[in-house]
Amino acid sequence: MFKLTLDHRKSLRWCGWFFTANMLLFWLIGLKYTHSISWLDTNYLTAHGKHTLAGFLTVSYLGQLAILAYLPSVLIGLLILVVNRRYFIFSVSVLIAALFAGVLISDTIVYSLFRFHINGIVLNLILHSSNEQFFDFSPYEYVVCIAVSAGLVLFETLIAYLIWYYVIQRDVLRGIGKWIAIFVSLCVYTSYTMLIFSFNHNLGRVMIEAVRVLPLYTEFLGAMLPMQNGRLALERAFERYLIQPAQAYQSLHYPLQDLKFIPPERHLNVVIIGVDAWRFDMLDESVTPNMFQFAKQAWVYKNHSSGGDATGPGIFSLFYGLPATYWTAMEVQKRGPILLDELIKHNYQMKILASAGLTMPAFNKNVFSAIKDLKLKFRGKNPYIRDLAVTKEFEKFIDQVQVNQQPFFSFLFYDTAHSYCAVPNDLRPFKPAVKVCDRLSLTNQSDPLPYLNRYKNALHLADQQVGEVLNYLKSHHLLESTVVVITGDHGEEFNDNHLGYWGHASNFTHYQVRTPLIIYWPGSTPKTITQGTSHFDIVPTLMEKVLGCKSQPNVYSMGNSLLHEQIAPYLIVGSYIGFGIVEKDRITTVFPTGNFQVTQLDGKILTDAKIHPPLMQAIFQDMRRFYR
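Draft legend 1. The overall build of the chain, seen in detail. Within the chain, the secondary structure is distributed over 19 helices and 15 strands. Per-residue burial over the chain gives 56% buried out of 628 residues. A fraction of 77% describes how many contacts in the chain between residues 6 or more apart in sequence connect residues 24 or more apart.

In structure tokens form, the structure reads like this:
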């Protein structure tokens with residue numbers, strides 16, 4: 001029979017105090033989460049409601065971060081019972097505690113920038129994408145990460161030895177541990193109880209929306225609820241309209257019927273140029289002079305939106321004409337977009353060239369799954385070098401297709417603007433530009449101009465490559481027979497709404513969703529269009545004008561041909577986490593669990609807004625339309 005020795009008891013007591021110290025550290029680190037809570041500043045709550053919410057957030061904060069700090073102690077406690085070797089236990093504890101603290105620091109930064117926590121998708125990006133292609137950290141940011149990691153290990157080592165020599169060896173602080181345990185337990189119990197009993201009160205929705213700032217809170221509470229799928233039930237207690245069923249394995253019915261074509265007299269070539277993170281107000285004579293000049297001979301859409309606030313949903317919507325809620329189904333069932341299928345059937349020569357690669361997001365598994373000899377990645381130490389390679393590869397492709405005399409399709413995707421901190425820091429012409437990016441420290445009070453100027457300089461580089469492509473087409477007399485589409489996959493925010501948002505993939509305001517659109521039609525009169533359009537409309541336009549499709553767009557797309565003026569009453573926009581519905585006067589963000597948030601177009605919360613059930617039914621019908 002196993003018997004606890006004095007050494008076991010000392011080690012277990014050390015374990016408890018070591019992770020108690022980490023609880024205090026977690027409380028300090030977690031203070032960054034509180035900057036994202038705006039609920040206490042609103043005037044729509046009564047004084048009693050404000051006090052209740054403040055109390056709820058306080059006990060939730062203390063209890064939830066304490067749970068996260070103590071989680072590793074379970075493993076360490078078991079190790080002590082099995083292998084009670086002090087230096088081994090110290091080493092494992094220090095490394096695990098430093099890892100948990102590092103993850104918490106990372107999560108506070110991720111949440112402050114994007115308003116979601118580290119999750120399976122983010123971990124997948126970290127584990128399966130190369131840093132230089134997806135995480136465009138500057139050298140300074142790498143140094144900061146390494147320094148913080150090393151500092152955490154040293155700090156945890158110091159704490160481990162201080163506790164052993166000043167608490168355990170001297171046998172002090174006895175009897176205090178149980179009161180700390182009682183306090184933490186009361187915080188957790190009070191927090192979860194308050195939320196559960198608020199289900200039938202208006203304050204409940206505010207409470208769960210506010211506590212979303214804490215990592216894993218709803219996951220833990222959902223697991224504790226005495227019912228199946230507790231977390232889902234938790235969220236549905238506040239809103240039952242907004243649950244979109246998981247349909248990845250439900251059979252697709254895409255398109256809804258066989259398409260009818262009347263082939264045109266000649267097949268035009270098609271070139272789509274994507275500029276990553278090209279926001280709507282950056283089609284400018286000084287920032288993008290080549291595209292600006294080219295736009296004078298094309299159709300320019302001034303009020304155009306992507307189908308998402310990130311690369312995945314943005315490119316998906318561009319090629320499918322569908323919201324990114326269909327992403328997983330298309331990937332699992334290996335179904336490419338009907339546009340590319342039809343181009344292949346019409347013997348188009350195909351070339352897809354993406355500077356950042358095609359595996360993360362996994363465009364090779366859905367959007368471009370039907371393309372043979374797909375080039376998955378480009379080599380180069382920074383995005384600009386890879387952009388140069390894209391241009392050169394395209395020029396080689398043009399030389400080949402002119403010999404074959406077959407129509408061609410090409411998609412070029414430039415990454416420099418998206419990775420503006422990873423390109424050389426001596427760019428011009430916009431000054432002042434930050435020389436060393438430190439986006440980890442950006443707050444609502446940070447001056448955006450140096451970062452905005454560096455972004456503009458990177459866009460200027462991308463514009464040079466687009467200009468070279470356009471000149472190559474012109475010099476080879478291909479503009480007379482080529483449709484050229486130039487657009488972005490999403491926008492890029494520099495705290496424009498003064499809500500602390502930087503970058504993209506964090507909200508659905510126009511700074512992150514809207515992007516320029518230029519379409520050049522050979523022989524057409526240039527014009528400017530101000531009506532609202534979206535990426536959903538590009539596929540129907542090309543299907544009709546280039547391929548001669550006579551079927552209605554709604555049998556294969558959510559959009560309408562740009563040749564016919566039709567204004568959609570809403571736009572479904574995707575992200576890597578959840579999706580949004582953009583209407584003419586507001587934005588509804590739907591989180592993965594079904595909870596929702598309604599804001600003005602500038603991102604400010606509409607506290608008393610209600611969803612429109614008929615509208616939501618129409619939207620969910622759209623998101624289910626192409627399943628059998």
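Draft legend 2. Examining the environment of Gln-293 more closely. Along the chain, the position of Gln-293 falls in helix H11 (residues 289-295). For the pair Gln-293 and Leu-283, spaced 10 residues apart in sequence, the C-alpha separation works out to 9.8 Å.

Draft legend 3. A look at the sheet that holds strand E13 (residues 579-582). Pairing is antiparallel across the open sheet formed by four strands, whose spatial order is E12-E13-E14-E15. Unpaired on one side and paired on the other, strand E12 (571-574) and strand E15 (596-599) mark the two borders of the sheet. Looking at each pair of strands side by side, their axes are set apart by 20° on average, direction ignored. Here helix H19 (residues 613-624) sits on the sheet and contacts E12 and E13; the angle it forms with E13, its principal contact strand, is near 125°.

Draft legend 4. How the structure looks around the nonpolar core. Judged by nonpolar contacts, the single largest core of 62 residues is most densely connected at Phe-319, Phe-368, Phe-409 and Phe-411. Excluding residues that lie within four positions of it along the chain, Phe-368 makes contacts with Phe-319, Leu-340, Ile-352, Leu-358, Phe-363, Leu-374 and Phe-411. Phe-26, Leu-203, Leu-214 and Leu-221 belong to the second largest nonpolar core, which has 58 residues in total.

Draft legend 5. How the structure looks around the state of the cysteines. Under the definition given, this model contains one disulfide. Here Cys-421 engages in a disulfide with Cys-437; their sulfurs sit 1.9 Å apart. Taking the torsion about the S-S bond as the criterion, the Cys-421 to Cys-437 disulfide, at about -85°, is left-handed. On the criterion of sequence distance, the pair formed by Cys-421 in the loop between strand E5 (408-414) and helix H16 (449-475) and Cys-437 in the loop between E5 and H16 is long-range, its members being 16 residues apart. Accessibility classification places Cys-421 together with Cys-437 in one group, the buried group.

Draft legend 6. Focus on the packing of aromatic side chains. With the rule as written, the count across this model stands at 29 aromatic pairs. Centroid distance Phe-319 to Phe-409: 6.3 Å. Interplanar angle 80°. Geometry classified as edge-to-face. In this pair, Phe-319 sits in helix H12 (residues 311-320) while Phe-409 sits in strand E5, placing the two residues 90 residues apart along the sequence. Of the two residues examined, Phe-319 and Phe-409, each falls in the buried class. Summarising the aromatic geometry, the rings of Phe-397 and Phe-408 are spaced 5.8 Å apart at their centres and angled 90° between planes, so their arrangement reads as edge-to-face. Taken together, the residues Phe-397 in helix H15 (residues 383-404) and Phe-408 in strand E5 connect sequence positions 11 residues apart. Residue Phe-397 shares its accessibility class with Phe-408, and that shared class is buried. One Lys or Arg, Lys-375, reaches over the ring of Phe-378 and ends 4.9 Å from the middle of that ring. Stacked on the ring of Phe-430, the Lys or Arg Lys-456 has its end atom at 5.3 Å from the ring centre.

Draft legend 7. Spotlight on H19. Between the first and last C-alpha of H19 there are 16 Å, a value that for 12 residues agrees with the 16 Å anticipated at 1.5 Å per step. Regarding H19, the residues found buried are Leu-615, Met-616, Ile-619, Phe-620, Asp-622 and Met-623. What you see down the axis of H19 is that its buried residues fit within an arc of 150°, all on one side. What points out from H19, more than 90 degrees from its buried face, is the exposed set Pro-614 and Gln-617. Looking at the packing, one finds that the buried side of H19 touches E12 and E13.

Draft legend 8. View of the sheet that holds E5. Taken together, the seven strands give an open sheet; going across it, the order is E4-E5-E1-E6-E9-E2-E10, and neighbouring strands pair in mixed fashion. A single partner strand is all that each edge strand has here, and the edge strands are strand E4 (349-354) and strand E10 (527-529). Between one strand and the next, the sheet's axes are offset by a mean angle of 10°, whatever the strand orientation. Here strand E6 (residues 482-488) pairs with strand E9 (residues 517-520) via four bridges, running antiparallel. Bridging across to E9, Val-485 finds its partner in Ile-519. Relative to the sheet, H16 contacts strand E1 (269-275), E5 and E6, its axis offset from that of E1 by approximately 170°.

Draft legend 9. Region of interest: the packing of helix H1 (residues 6-29) against helix H7 (residues 176-197). Taken N-terminus to C-terminus, the directions of H1 and H7 make an angle of 45°; their axes are 12 Å apart at the nearest point. With respect to their mutual orientation, H1 and H7 come out oblique. Note on packing geometry: the crossing formed by H1 with H7 is left-handed. Taking contact as the criterion, the partners of Trp-17, Thr-20, Met-23 and Trp-27 in H1 are, on H7, Ile-176, Gly-177, Ile-180, Phe-183 and Val-184. Class assignment of the residues belonging to the contact of H1 with H7 gives a composition of seven nonpolar, two polar and no charged.

Draft legend 10. Inspection of helix H2 (residues 47-82) at higher detail. Taking 1.5 Å per residue, 36 residues should reach 52 Å; H2 reaches 54 Å between its end C-alpha atoms and fits that length. Ala-69 marks where H2 bends most, by close to 30°; the proline Pro-72 follows one to four residues later.

The rules behind each value
- The residue count restarts for each chain, going from 1 along the sequence in the order it is written.
- Where local features are concerned, this predicted model is filtered to residues with pLDDT of at least 70; where side-chain atom pairs are given and counted, the filter is 80 or more; whole-chain, interface and lining totals use all residues.
- In computing side-chain properties, one takes all heavy atoms of the structure into account and sets aside hydrogens as well as water.
- Only DSSP runs of H or I reaching four residues or more are called helices, and only runs of E reaching two or more are called strands; each is numbered from the N terminus.
- Exposure classes here rest on a 1.4 Å probe applied to the protein chains alone. A residue is buried below 20% of its type maximum, exposed above 50%, and partly exposed in between.
- Throughout, a residue-residue contact means that at least one pair of heavy atoms, one from each residue, lies within 4.5 Å.
- Strand pairing follows a simple DSSP-based rule, namely that at least 2 bridges must link the two strands.
- Interaxial angle, 0 to 180 degrees, is taken between N-to-C directions of lines fitted to C-alpha atoms, where a helix line uses only the stretch in contact.
- Buried residues of nine kinds, namely Ala, Val, Leu, Ile, Met, Phe, Trp, Tyr and Cys, make up a nonpolar core once their side-chain atoms join them within 4.5 Å.
- By disulfide we mean two sulfur atoms from cysteines, separated by a distance within 2.5 Å.
- Classification of ring pairs uses Phe, Tyr and Trp, with its six-membered ring standing for Trp, and accepts pairs whose centres are within 6.5 Å; under 30 degrees between planes counts as stacked, over 60 as edge-to-face, and the remaining range as tilted.
- Counted as over-ring charges are cases with an Arg CZ or a Lys NZ within 6 Å of the ring centre that also lie within 35 degrees of the ring normal.
- Take the residue count of a helix, subtract one, and multiply by 1.5 Å to get its expected span.
- Throughout, the arc means that of the directions going from the helix axis to the C-beta atoms.
- Angles are sorted into four bins: roughly parallel if under 35 degrees, roughly antiparallel if over 145, roughly perpendicular if 65 to 115, and oblique for all others.
- By definition, any crossing whose near helix is turned counterclockwise from its far helix by less than a right angle is left-handed, and any crossing with a clockwise turn is right-handed.
- When residue character is reported, Ala, Val, Leu, Ile, Met, Phe, Trp, Tyr, Cys and Pro are called nonpolar, Asp, Glu, Lys and Arg charged, and the others, Gly included, polar.
- Two axes are fitted around each residue, one to the seven residues ending there and one to the seven starting there, and the angle between them is reported as the bend at that residue.

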